[in-house]
Amino acid sequence: MEKCIGYLRTSSQTNVGEEKDSGARQLRAIKSFCKSKKYTLTETFYDANVSGSKSLSDRAQLIKAVQYCETNNITTILVESSDRFSRDLMVQENLLLAMKSRNI
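So, here is what we can say about the structure in this document.

What counts and how
- Residues numbered from 1 in each chain as written.
- Predicted model: local features only at pLDDT ≥ 70, side-chain atom pairs only at ≥ 80, totals over all residues.
- Heavy atoms only, no water.
- Salt bridge = Lys/Arg side-chain N within 4 Å of Asp/Glu carboxyl O.
- Buried < 20%, exposed > 50% of the residue type's maximum accessible area, 1.4 Å probe, protein only.
- Helix = DSSP H or I, 4+ residues; strand = E, 2+ residues; numbered from the N terminus.
- Pairing = 2+ DSSP bridges.

Let's shift gears to the pattern of salt bridges. Should the charged atoms of two oppositely charged side chains come close, the side chains can pair. The full count for this structure, using the stated rule, is four salt bridges. Among the ionic pairs, Arg 87 bridges to Asp 83, the shortest N-O distance being 3.2 Å. The exposure class of Asp 83 is partly exposed, given its relative accessible area of 24%. Each of Asp 83, Arg 84 and Arg 87 takes part in one network of salt bridges that share partners.

In structure tokens, the structure reads:
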């Protein structure tokens, strides 16, 4: 089974918390995908209250996710949808280039 991690992001503090569905919904989608593709989800990282237009250097949990991948030889980060990775096309491209340069 291929190992992977999950990355979750919620941009608004009003959508963060135990009683809110954003993080739980994202995690359900990631776990469902893992089950269907027989991936092993080893860890999840959640940037709560972080705008989708922020760069890698402004996302503490995404930085930790990348470091975890490098340390544990993981090449796959799963997100619920592309807008959870980034809402801005240029930021998304820069993030993808940063991941690719690290073999993620």
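What follows covers the pairing of strand 1 (residues 2-10). By the criterion of burial, strand 1 is predominantly enclosed, with seven of the nine residues buried. As paired strands, strand 1 and strand 2 (residues 39-48) are joined by nine bridges and run parallel to one another. By the bridge assignment for strand 2, Tyr 7 is matched with Phe 45. Relative to strand 3 (residues 77-78), strand 1 runs parallel, the two sharing two bridges. Looking at strand 3, one finds that Ile 5 is bridged to Ile 77.

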